[in-house]
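# Structural characterization, general
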Amino acid sequence: TFIEYDVNSKEKEDKAETKKENKLGLIASGNYGKNFYDVGLGLKSGNIAGILDFSKAKDKPVKNIKDNPSDLGRYFSGKEENVDYTSIGASLEFHPGNFFFGAGGNLWSYTNKTTEKINSSSGEVLSKNTDSRSKTDLSGKVYGGYNINITDNFDFGIQGGYETKKGPFVGGRFSVDF
């Protein structure tokens, strides 16, 4: 009797795995946090990926002041708030198997808006002044997740992380290999 061994099977498996790891892929992702949301698009080559994203965040009150009425009943009120938060960001990811880990940064742009009013005793606005200034801030982010293989070339992933200015977030992603 003869025993036949397939000595090339290990070699074939290694080639198939290498071919899969070297594929070029497209990634589309979305994240949601208590204070913001973002969408991203990126490219993956082997175990490395780069993602560009766009984010929007909620307006943030900074100060709210109301002075005591004067003898005539007039009073001062004012508020300062940061509005219209948007950001452009970039991340670099490492993909060991189905897991992935990423880190990156965001450049946030927003408007610092100040409103000052002098009110009559009945609450009528006697005088009003507003001031707006454009501002920018940098922030960082770290995240990780897991890709679930739907087909050989299509994955669905779940992710979670932390953004230094806006807090924790969770999200999902789709990736397609070419």
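My aim in this report is to walk through the structure given alongside it, one point at a time. Because the structure is predicted, anything quoted here is derived from the model rather than measured.

What counts as what
- Residues numbered from 1 in each chain as written.
- Predicted model: local features only at pLDDT ≥ 70, side-chain atom pairs only at ≥ 80, totals over all residues.
- Heavy atoms only, no water.
- Helix = DSSP H or I, 4+ residues; strand = E, 2+ residues; numbered from the N terminus.
- Contact = heavy atoms within 4.5 Å.
- Core = buried A, V, L, I, M, F, W, Y, C linked by side-chain atoms within 4.5 Å.
- Buried < 20%, exposed > 50% of the residue type's maximum accessible area, 1.4 Å probe, protein only.
- Salt bridge = Lys/Arg side-chain N within 4 Å of Asp/Glu carboxyl O.
- Phe/Tyr/Trp six-rings, centres within 6.5 Å; stacked < 30°, edge-to-face > 60°.
- Lys NZ or Arg CZ within 6 Å of the ring centre and 35° of its normal.

### Let's talk about the side chain of S91
Its location among the elements puts S91 in strand β5 (residues 75-94). Sequence-distant contacts of S91, that is, excluding residues within four places in its chain, are made with A49, G50, I51, D53, A103, G104, K141 and Y143.

### With respect to the nonpolar core
By size, the foremost hydrophobic cluster in this structure holds 11 residues: I27, F36, A49, I51, A57, Y85, F100, W108, Y110, Y143 and F169. At the level of elements, β3 (48-57) and β6 (99-119) are the ones that each hand at least two residues to this core.

### Quick notes on the pattern of salt bridges
A full pass over the atoms with the stated rule returns four salt bridges. Between E81 and K79 there is a salt bridge; the shortest N-O distance is 4.0 Å. We classify K79 as partly exposed; its relative accessible area is 40%. Two residues, R173 and E93, come together in a salt bridge whose shortest N-O distance is 2.6 Å. Within this pair, whereas R173 is found in strand β9 (residues 167-177), its partner E93 is found in strand β5, the two being separated by 80 residues in sequence. Each member of the pair, R173 as well as E93, carries the same accessibility label: buried.

### Overview of unusual backbone geometry
Within the chain, D84 stands out as a residue other than glycine whose phi angle is a positive 60°. Relative to the helices and strands, D84 resides in strand β5.

### Considering the environment of G171
Position of G171 relative to the elements: it lies in strand β9. Those residues in contact with G171 that lie beyond four places of it in its chain are G30, N31, G157, I158 and Q159.

### Examining the packing of aromatic side chains
One pass over the full model with this rule turns up eight aromatic pairs. When the ring of Y85 is compared with that of Y110, the centres are 4.7 Å apart and the planes differ by 25°; the resulting orientation is stacked. Residue Y85 is found in strand β5, and its partner Y110 is found in strand β6; the two are separated by 25 residues along the sequence. For the pair shown, Y85 and Y110 are each scored as buried. Ring centres 5.8 Å apart and planes at 20° place the aromatic pair F154 and F174 in the stacked group. Residue F154 is found in strand β8 (residues 154-163), and its partner F174 is found in strand β9; the two are separated by 20 residues along the sequence. Ring pairing ties together the aromatic residues F36, Y85, W108, Y110, Y143 and F169, which thus form one cluster. In this structure, K166 is placed above the aromatic ring of Y85, and the distance from its NZ or CZ to the ring centre is 3.5 Å.

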